[in-house]
Amino acid sequence: MLRFLVRRVLGAMVILLLISMITYFLFFFLPADPAQLSCGKQCSPQNVALIRKNLGLDLPIWTQYWHYMMGIFAGRHMPIGDCPAPCFGYSFANQQPVWGTIADSYPTTLSLAVGGAAVFLTVGVSLGLISAWRQGTVFDRVASSFSLLGQSVQIYFIGPLAILLFSTKLHWLNRGHDVDWKHDALGSVGGMILPCLVLSVIFWSNYSRQTRSLMVEQLSEDHIRAARAKGMSSRYVFFRYALRGAMATIITIFGVDLSAVLGGAIITEVTFGLHGLGLLSVSAVLSSDLPLEMAVMLIGATIIVLCNIVVDMAYAFIDPRIRLT
């Protein structure tokens, strides 16, 4: 296990380093001048030069990249002010510390992603298990039809409809707002219910169909028939053997879907007007704000890589045939 963790952590560091390099250097192929964008169209050349110096854009590109990466771990001193670790620099758009902006936005994105994942895993896997248990029944056919329908819709389509129906017309749910767990935990839960439900729709549909298929396949295996021949109850065999065999594949699918969950969170945030990392990344791209864009990219990539390591470790606990070496 230790050797596996060391290899995966080292590999994750290489991946994150490559992502940071590609993102950073591709930015300088863009035609936009960050100093000019920060100063405005009517800015004098002297002020543009001053802003470029304050942002460190007058240094060679490799020097800028080195200072940026070192600042994340050790902080850095910039003409615009001191930036303690983790320092992702100052925004080109408003010259404010990027880490402060990220800290204000990530709770909304994290709440949306975790809440959405909890909903689609619970609903999707549960429906798939019931469909497999009662395969061929009316419930199975109805659940399969709804799963197919759920995979056919998109967040930007179902989101406004959900707001119109459940918030504007029926007044059952809040239309969604940014979270504030410290001062208003109950209100934060209410503000996340509808966005999490909308985010989960396209995912639980897939997990319902995948879980049903995996369980039906597991139930036809030889060891399942042998267990039943020994007199074990159908319920015990279903949950003790078939479910355990299917869970490894379900976890694999979840690990692959992590990036899709974050991508869905971006669209959901834009749809509901939530001020999370998704909306922040869109504004960073539109304004050519490299420090903000880099921070969102690195944080998102780090979360995905770490979650995949955890998913790989979970295999050994679910399937004893798998050994991490």
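Counting restarts for each chain, with residues numbered from 1 along the sequence as it is written. It should be noted that, the model being predicted, local features are given only for residues of pLDDT at least 70 and side-chain atom pairs only at 80 or more, the latter also being counted only at that level, while totals for whole chains, interfaces and linings use all residues. Side-chain metrics in this entry use all non-hydrogen atoms of the structure; hydrogen atoms and water are not considered.

Describing a nonpolar patch on the surface
1) Next: Together, Tyr 156, Phe 157, Leu 161, Ile 266, Ile 267, Val 270, Val 282 and Leu 286 line one region of the surface with nonpolar side chains, adding up to about 760 Å² of accessible area.
2) Next: By the criteria applied, helices consist of DSSP H or I runs no shorter than four residues and strands consist of E runs no shorter than two, each listed in order from the N terminus. Of all elements in the fold, only helix H7 (155-169), helix H10 (234-272) and helix H11 (277-286) reach the threshold of two or more residues within the nonpolar patch.
3) Next: With respect to the secondary-structure elements, Leu 286 resides in helix H11.
4) Next: Buried means the residue's accessible area, taken with a 1.4 Å probe over protein chains only, is under 20% of the maximum for its type, while exposed means over 50%, and partly exposed covers the values in between. For Leu 286, a relative accessible area of 71% translates into the label exposed. What makes a patch is a set of residues exposed beyond 30% relative accessible area and free of salt bridges, joined within 9 Å when like-charged and within 5 Å when nonpolar (Val, Leu, Ile, Met, Phe, Trp, Tyr). For accessible areas, the Shrake-Rupley method is used with a probe of radius 1.4 Å. Any residue's cover is judged against the shown protein chains and nothing else. Should a side-chain nitrogen of Lys or Arg be within 4 Å of a carboxyl oxygen of Asp or Glu, the pair is scored as a salt bridge.

Notes on the state of the cysteines
1) Next: To count as a disulfide, a pair of cysteine sulfur atoms needs to be within 2.5 Å. Applying the stated criterion across every chain yields a total of one disulfide.
2) Next: Between the sulfur atoms of Cys 83 and its disulfide mate Cys 87 the distance is 2.1 Å. For the disulfide bridge between Cys 83 and Cys 87, the dihedral angle about the S-S bond is near 110°, and by the sign convention the bridge is right-handed. Neither residue differs from the other here; Cys 83 and Cys 87 are each classed as buried.
3) Next: The thiol sulfur of Cys 196 is not disulfide-bonded, and the nearest other cysteine sulfur, from Cys 307, lies at 16 Å.
4) Next: Judged by relative accessible area, which is 6%, Cys 196 ranks as buried.
5) Next: You can call Cys 307 partly exposed: its relative accessible area is 30%.

Considering the packing of H10 against H11
1) Next: Angles shown run from 0 to 180 degrees and are taken between the N-to-C directions of axes, each axis being a line fitted to C-alpha atoms and, for helices, limited to the stretch in contact. Interhelical geometry of H10 versus H11 gives an angle of 90° and a closest axis separation of 7 Å. Between H10 and H11, the angle is such that the two are roughly perpendicular. Contacts between H10 and H11 pair Ile 266, Glu 269 and Val 270 from the former with Leu 277, Gly 278, Leu 279, Ser 281 and Val 282 from the latter.
2) Next: Here the residues of the contact of H10 with H11 are counted per class, giving five nonpolar, two polar and one charged. Oblique is the label for any angle not covered by the other classes, which are roughly parallel (under 35 degrees), roughly antiparallel (over 145) and roughly perpendicular (65 to 115). Contact criterion: two residues are considered in contact whenever any of their non-hydrogen atoms come within 4.5 Å of each other. Just so you know the grouping, Ala, Val, Leu, Ile, Met, Phe, Trp, Tyr, Cys and Pro go in nonpolar, Asp, Glu, Lys and Arg go in charged, and all remaining residues, Gly too, go in polar.

Overview of unusual backbone geometry
Where the residue is not glycine, phi is negative for most of them; where a peptide bond is considered, it is trans in most cases.
1) Next: Omega for the peptide link from Ala 85 to Pro 86 comes to -5°, which places this bond in the cis form.
2) Next: Along the polypeptide, Pro 86 turns up in the loop between strand E2 (81-83) and helix H5 (98-133).
3) Next: Even without glycine at this site, His 171 takes up a positive phi of about 60°.
4) Next: Tracing the sequence through the fold places His 171 in the loop between H7 and helix H8 (185-219).
5) Next: We classify His 171 as exposed; its relative accessible area is 62%.

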